[in-house]
Amino acid sequence: MAVTDAAITRIKEMILNGELTPGDRLPPEKELSERLGLSRSSLREAVKALELIRVLDVRRGDGTYVTSLEPHLLTEAMAFVVDLHQDSSILELLEVRRILEPSAAGLAAQRRSEQDLEKLEASVRAVSVDTDIEELVAHDLLFHSLIAEASGNSYLGTLLDALSSNTVRARIWRGLTQDNAVQRTLDEHQAILVAIRSGDTDLARALVTAHVSGVESWLRQATA
């Protein structure tokens, strides 16, 4: 293991075992490097890396702190990379959505509350066959976000929001060029809602897989 990797691992272990908690200030560099048995240069590199992924917050003239470790902070680095690659890697993003979103739907079918169901039902009722494409895509984003929220896993929800928002252009393109895109989306959303409401985990997973795969399959054909 590289020395910097070892330093990152040591700091991670301090957080995992509760020696450092969200909001805590790290000991001074000299003290921490001696405690961990690392050089100060290796420790600095480790701190820089953990700052980039928002685990640590370096405040100039004040010190280095453990962040809140909230999901939205920890997925910002990933979201930034997604933004950079939204054109060249859109199919890969859709593949990742196809892998993760069925899991979110399955969890939602198990864990959804009455409030979650009310939000999903309101989302479905808010659109019709007369809805324009851009509004439909906005509805689609909200619908998937609500499913992720109902899963009860905030990390999964934040991750999916970052991925989903970066496939918007592909969805609009599909809606403008494919027949019956609006009706198809409405029908699929309604079926997914019914599965989640009934607590049918396997059906919810299968329907979401087919739903996300539709955009992916269409895009593969359109760009072939």
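Residues numbered from 1 in each chain as written. Predicted model: local features only at pLDDT ≥ 70, side-chain atom pairs only at ≥ 80, totals over all residues. Heavy atoms only, no water.

**Q** I'm lost on the pairing of strand E1 (residues 56–59) in this one. Help?
**A** Regular strands place side chains that alternate from one sheet face to the opposite one. Burial along E1 is one-sided: Leu-56 and Val-58 are buried, while Asp-57 and Arg-59, pointing the other way, are not. Here E1 folds back onto strand E2 (residues 63–66), and the loop between the two strands holds three residues, one of which, Gly-61, carries a positive phi near 80 degrees. (Buried < 20%, exposed > 50% of the residue type's maximum accessible area, 1.4 Å probe, protein only. Helix = DSSP H or I, 4+ residues; strand = E, 2+ residues; numbered from the N terminus. Pairing = 2+ DSSP bridges.)

**Q** Quick question: what am I supposed to make of empty space enclosed by the protein here?
**A** Empty pockets left among the atoms are what a rolling probe the size of a water molecule brings to light. Tallied over the full model, the rule gives two cavities of 30 Å³ or more. In this structure, the second largest cavity encloses a volume near 40 Å³. Along its surface, the second largest cavity is lined by Glu-101, Ala-104, Ala-105, His-144, Ile-147, Leu-160 and Val-208. Where the lining of the second largest cavity is concerned, the elements lending two or more residues are helix H6 (90–111) and helix H8 (133–150). Looking at the lining of the second largest cavity, the element that brings in the most residues is H6, giving three residues. In the lining of the second largest cavity, the residues fall into five nonpolar, one polar and one charged. (1 Å grid on protein atoms, 1.4 Å probe; cavity = no way out; pocket = protein on both sides within 12 Å on 5 of 7 lines; lining within 4 Å. Points joined across faces, edges and corners; volume = space filled by probe spheres on them. Nonpolar A, V, L, I, M, F, W, Y, C, P; charged D, E, K, R; others polar.)

**Q** Can you walk me through the pattern of salt bridges in this structure?
**A** Once their charged atoms are close, side chains differing in charge can pair, the charge on each being opposite to the other. A full pass over the atoms with the stated rule returns eleven salt bridges. Between Arg-35 and Glu-31 there is a salt bridge, with its nearest N and O atoms 3.2 Å apart. Taken as a pair, Arg-35 and Glu-31 lie in helix H2 (residues 29–36) at a separation of four residues, close to a single helical turn. A relative accessible area of 42% means that Arg-35 is categorised as partly exposed. The class for Glu-31 is partly exposed, based on a relative accessible area of 38%. (Salt bridge = Lys/Arg side-chain N within 4 Å of Asp/Glu carboxyl O.)

Note that all results are geometric; they support no functional claim without further evidence.
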